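# Examination of the molecular architecture
Residue-level listing of the chains:
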Amino acid sequence: MHESSMAISILRIVADEAQKAHVNAVTQVRLCLGDLAGVEATTLTACFEMLSEGTVTDKAKLVIKRIPATGTCTVCGTAATGRGRMLQCPLCKTSSVKLATGREFYVESIEVETLCKGDEHAEHTS
Ligand SMILES: [Zn+2]
């Protein structure tokens, strides 16, 4: 499945970062995901949760920030916005649009729990 390989690559990035920073556990992973990235967010979340089991990201919550598709028409220069998976110029109806956003797929930030002295613990936000 496509989403599972995406989840694996996210987990690999996060595990790398976690190791570098000597963290105890990763509590949250923030991901930027463009609407045209071709990734199903719910499937990705499910894969992430399944694959993170027993790893440093075991307790991590995957937070997905959706980025809508936007672009500029290559014919008339009008700003085009996405409708579902299609990006179309509202004026001349062409789909010849130069994409500005919508294909994002990257880890924006991670929140971690570090092994600290004293009673310091991760903040809980809900
Ligand atoms: Zn146009």
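In this text the structure is predicted, and so the values were computed from the model without any measurement.

Quick notes on the rules
Within any chain, residue numbers begin from 1 and follow the written order of that chain's sequence. In keeping with the predicted nature of the model, local features appear solely for residues at pLDDT of at least 70, side-chain atom pairs appear and are counted solely at 80 or more, and the whole-chain, interface and lining totals rest on all residues. In this text, helices come from DSSP runs of H or I with a minimum length of four residues, and strands from runs of E with a minimum of two, each type numbered from the N-terminal end. Buried means a residue has 20 or more other C-beta atoms within 10 Å of its own C-beta, exposed means 12 or fewer, and partly exposed covers the counts in between; C-beta atoms are placed from the backbone. The contact rule is simple: place each C-beta atom from the backbone, and if two of them lie within 7 Å, those residues are in contact. Two strands make a pair as long as DSSP finds a minimum of two bridges between them. For helices, the fitted axis covers only the stretch in contact; all axes are lines through C-alpha atoms, and the angles between them, taken along N-to-C directions, range from 0 to 180 degrees.

## A look at the overall build of the protein
When you go through the protein residue by residue, the secondary structure sums to two helices and seven strands. What you see in the protein, going N to C, is helices and strands ordered as α-β-α-β-β-β-β-β-β. Relative to its 126 residues, the protein shows a buried fraction of 25%. Here the analysis covers contacts within the protein between residues at least 6 apart in sequence; of these, 68% occur between residues at least 24 apart.

## A short note on the sheet that holds strand β7 (residues 105-113)
Taken in spatial order, the three strands make up an open sheet running β2-β1-β7, and their pairing is mixed. The sheet is open, and its two borders are formed by β2 (61-67) and β7, each paired with just one other strand. Adjacent strand axes in the sheet meet at a mean angle of 20° when their direction is disregarded. Examined bridge by bridge, strand β1 (residues 25-34) and β2 share seven bridges and lie parallel to one another. Each bridged residue has a counterpart across the sheet, and for C32 the counterpart in β2 is K65.

## Digging into unusual backbone geometry
Located in the positive-phi region is H22, a residue other than glycine, with phi close to 55°. Its location among the elements puts H22 in the loop between α1 (2-20) and β1. With 9 C-beta atoms counted inside 10 Å, the residue H22 sits in the exposed group. Positioned with a positive phi, K93 is a non-glycine residue whose angle comes to about 60°. Turning to its location among the elements, K93 is positioned in the loop between β5 (86-88) and β6 (97-101). Take K93: there are 9 C-beta atoms within 10 Å of it, and that puts it in the exposed class.

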